[in-house]
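# Summary of structural features
Spelled out, the chains give:
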Amino acid sequence: MRNLTVMAFAFCTASLVGACASDSDCSKDSDCPEGRICRNGLCALNITGLDTLADADALPDIPLDCVPAVPGDLVMTEIMADPPSGADYDGNGIPSTTEDEFVEIVNVSNHPVALTQVELMVNAKEFKLGSLCLNPNEARVSFGTGGLPSLTNTSGTVQLFIAGTSVQTHTYGAEAGKDSSITLSRQLDPTSDWVVHKTVYGTAASPGKCGNGNDFPECDGVGPGPDGDTIGSDLGDSPEVITNCSDLPVAGDLVINEVLAKPTGGTGGDANGDGTVNSDDEFVELVNVSTKTLLLDGLKIADNGANVVTVPGGLCLQPNQAVLVFSKYAGTGSFPGVLVFGTKSLSLNDTGDSVILKSATDEVLAQMSYGSAAAAESFVREADLDPLANFVKHSVAPNASGRKMSPGTCQNGNAFPDCAGTVVVEEPDATDTTDSTDASDIGDTQTADVPSDTNEDVGPSCGPAPALGDLVLNEVLFDPTGIDANGDGTVNTTEDEFVEILNRSSAAVNLAGVKVGDAQSASRYTFGAVCLGPNEAVVVFGKGAVHLSASGKVVLDATAHALSLNNSATSGDPEHVKVTGTLGELLVDESFSGTTLIPAAQSVVRSPDLTGAWTKHKTANPAAAASPGQCIGLQPFPGCLIP
């Protein structure tokens, strides 16, 4: 006969969400109510006197304050058959390609439900979900660690049964074997299609969350459009966005500002910065010219009606912020403050075409047409951001100074909306290891190293340069052994190093020209035009940099920065992480020494975030070795810092 109490205890401890009733804890039989006995610390049914084992199986071991689930209460939302190397989704500190497999279900009813009659069938193998209550909009994630039958990478069938009735079945193929989960395109709709998670969101999985990082049920607009591809299929550093906006764009809010249809014809056509000039470099640039932060859910870009690109849900676009949509983008190039995506559906004709911007309901918001395109030269508004201005070849535009394109910036290379006149950008000195994209490759856009006397020309209109006390160093990873901190799918001992900086002041600050360094060099990385709001964060990796704004994650660049952080103190001298201002003034100087403050295979972090003392990350949160761009508890910035 099965030991029912042991079975119930295993389900309680393995569950990601939900818990066994606290009034069921016990140390001896007398602690339990009548008809129950103490087993493994829980009050279980005393099955002595029951006629059959089936009678015992029909009842839960734990008294539950909820009704059993019925068909329609639960939806299977995500399946992870092929965890990427280094992933630790079950949070036990041990990455495993088998134990970190998982299946996620969500309670879509309006009341708590018991999972006592719920089971999964994985390739015809049974897995019961246990005796617990699941609240509305809560997820139950079942891992290989907790006994979930093995999910094969290239084919399999997963079924959800409630009270013996099969309510949902999905049979997958090779699409599940791409170091990514598969998920419902409309995540709480069991009738929608299954898609590859990282294709839509740029992240491999989101156990217990919507694909866009929100708590359930805030998953609106996450699916691909019915008549086209979804942006994100070629993302390098895709934004993982927590929606903080609600205004959908109307006609006049967005301007099609620049279009590149024919990138061939020389190195100057390498618009996406991947080192190769080909059709991948085609792009459409949109800019928010309204005073509202716009929610881009369902926004469509049509190529004369033949090719349709649909923007994924959950993206917010701030006033004067740009969106770049490339034919293909893998996180290369330098596009400070710009939302950048790639999609295979963008295919612009060289000999003439139209670009039409539509809402989710197919209302035309903006459009442009062009004739024969010149090689490696874009079309741009004669006056940037003016929806009434004519499109001209970029080289003859008034402020272009002969440049042939300027993806993500004004004609003159300035950040939007500072598009008047020309700007001369200082070249980085020979000792500065900041990786900036060569101007000849992307139309002479600005480099990251900006002299202080030109900040007003290149930065967003957000505030002054930071002063002493405005910035705080919040987390540092010196030794990334086993940690894919930058999320590029590869663990690298230099590229996954990172420094996380927060704005602790009450106003936005302009980081243009601010440098990050160490004890050996004050200039390991130099910021371009980044407007860092209160409680917002920037993370500089050994390869890549991101800005965690109120609208979501914005890719600053995806190039190597040679942070060169030491894994131990050198010759008894502590390692330093420094932040210096545009005039060379020291804004932050933190010293680290010993295995306590320079730990192996985990970061060191302030606990609590922003104000606390330095401690090992696993001491502050045993479930995670690091949390770049997030609070210690893995909540997104800046919301977790706001009371």
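Reading guide: rules and limits
The residue numbering used here restarts from 1 in each chain and proceeds along that chain's sequence as written. Reporting in this predicted model follows two pLDDT cut-offs: at least 70 for local features of residues, and 80 or more for side-chain atom pairs to be given and counted; totals over whole chains, interfaces and linings ignore these cut-offs and use all residues. Processing note: side-chain calculations cover all non-hydrogen atoms of the structure and skip hydrogens and water entirely. We count a stretch as a helix when DSSP gives it H or I for four or more residues in a row; a strand needs E for two or more, and each element gets its number in order from the N terminus. Each residue is assigned to one of three classes by its accessible area relative to the maximum for its type, calculated with a 1.4 Å probe on protein chains only: buried under 20%, partly exposed between the two thresholds, exposed over 50%. We get accessible surface area from the Shrake-Rupley algorithm with a probe of 1.4 Å; when it comes to residues, only the shown protein chains can shield them. In short, DSSP must find at least two bridges between two strands for them to pair. Each aromatic pair joins two rings of Phe, Tyr and Trp (for Trp, the six-membered one) with centres within 6.5 Å, and gets the label stacked for planes under 30 degrees apart, edge-to-face for over 60, and tilted for any other angle. Axis geometry follows a simple rule: fit a line to the C-alpha atoms, using only the stretch in contact for helices, then measure angles between N-to-C directions, giving values from 0 to 180 degrees. Here, a salt bridge means any side-chain nitrogen of Lys or Arg that lies within 4 Å of a carboxyl oxygen of Asp or Glu. To form a nonpolar core, buried Ala, Val, Leu, Ile, Met, Phe, Trp, Tyr and Cys residues must be joined to one another through side-chain atoms within 4.5 Å. When the sulfur atoms of two cysteines come within 2.5 Å, that pair is taken as a disulfide.

Once that is clear, we can look at the overall build of the protein. What the protein contains, in helices and strands, is 6 helices and 40 strands. Residues classed as buried in the protein amount to 54% of the 643 residues present. About 24700 Å² of surface is accessible on the protein, with carbon and sulfur atoms providing 50% of the total.

A large share of strand 16 (residues 254-260) lies buried, amounting to 7 of its 7 residues. Here strand 16 runs beside strand 17 (residues 283-288); their pairing, made up of 6 bridges, is antiparallel. Across the sheet, the residue bridging to Ile256 is Leu286, located in strand 17. Taken together, the 2 bridges between strand 16 and strand 26 (residues 379-381) define a ladder with antiparallel strand orientation. When the sheet's bridge partners are listed, Val259 is paired in strand 26 with Phe379.

Given two aromatic rings, one states the distance between the centres and the angle between the planes to describe the pair. Throughout the structure, instances matching the rule amount to 9 aromatic pairs. Seen from their ring centres, Phe102 and Phe143 are 5.7 Å apart, and the 65 degrees between their planes marks the pair as edge-to-face. Here Phe102 is found in strand 5 (residues 102-107), whereas its partner Phe143 is found in strand 10 (residues 139-143), with 41 residues between them in sequence. Each member of the pair, Phe102 together with Phe143, is buried. Ring geometry for Tyr525 against Phe527: centres 5.0 Å apart, planes inclined by 90 degrees, an arrangement best described as edge-to-face. Three or more aromatic residues link up through ring pairs in this structure, and these residues are Tyr89, Phe102 and Phe143.

The next thing to look at is the sheet that holds strand 11 (residues 156-162). The sheet built from 4 strands is open, its strands ordered 8-7-11-12 with antiparallel pairing. This sheet does not close on itself; its edge strands, each paired only once, are strand 8 (125-128) and strand 12 (165-172). Here the average twist between neighbouring strands, direction ignored, is 20 degrees. Both strand 11 and strand 12 contribute to a ladder of 7 bridges, which runs antiparallel. By the bridge assignment for strand 12, Val158 is matched with His170.

Counted according to the given criterion, the structure contains 8 salt bridges. Among the ionic pairs, Glu119 bridges to Lys128, the shortest N-O distance being 3.5 Å. A salt bridge links Arg524 to Asp518, with the nearest nitrogen and oxygen atoms 3.3 Å apart. Here Arg524 matches Asp518 in class, with each residue buried.

Bringing the nonpolar core into the picture now. Counting 30 residues, the largest nonpolar core has Ile256 and Leu357 as the members making the most contacts within it. Those elements that place two or more of their residues in this core are strand 16, strand 17, strand 22 (322-326), strand 23 (339-342), strand 24 (353-358) and strand 25 (364-370). A total of 4 residues in this core trace back to one element, the largest contributor, which is strand 25. Judged by nonpolar contacts, the second largest core, of 28 residues, contains Val538, Leu556, Phe592 and Ile598.

Take the sheet that holds strand 14 (residues 194-196) next. To summarise the sheet geometry, strands pair through backbone hydrogen bonds and adopt either a parallel or an antiparallel arrangement. Pairing is antiparallel across the open sheet formed by 5 strands, whose spatial order is 10-5-4-13-14. Since the sheet does not close on itself, it has two edges, and those belong to strand 10 and strand 14, each with one partner. Mean inter-strand twist for the sheet, computed between neighbouring axes without regard to direction, equals 25 degrees. Looking at chain direction, strand 13 (residues 182-184) and strand 14 are connected through 3 bridges and run antiparallel.

Turning to the state of the cysteines, a few remarks are in order. Counted under the stated rule, the structure contains 3 disulfides. A sulfur-sulfur distance of 2.0 Å marks the disulfide that ties Cys66 to Cys133. Linking Cys66 and Cys133, the disulfide has an S-S dihedral of approximately -95 degrees and is accordingly described as left-handed. Of this pair, Cys66 sits in the loop between helix 2 (53-57) and strand 3 (67-68) while Cys133 is found in strand 9 (residues 133-134), placing the two residues 67 residues apart along the sequence. Owing to a relative accessible area of 16%, Cys66 belongs among the buried residues under this scheme. Under the relative-accessibility criterion, Cys133 is labelled buried at 18%.

The linkage connecting Phe416 with the following residue, Pro417, adopts the cis geometry, with an omega of 5 degrees. Phi is positive for Asn137, close to 70 degrees, though the residue is something other than glycine. Examined against the element boundaries, Asn137 turns out to sit in the loop between strand 9 and strand 10. The partly exposed category is assigned to Asn137, whose relative accessible area is 30%. The backbone phi angle of Leu385 is positive, close to 75 degrees, even though this residue is not glycine. Structurally, Leu385 is set in the loop between strand 26 and strand 27 (391-393).

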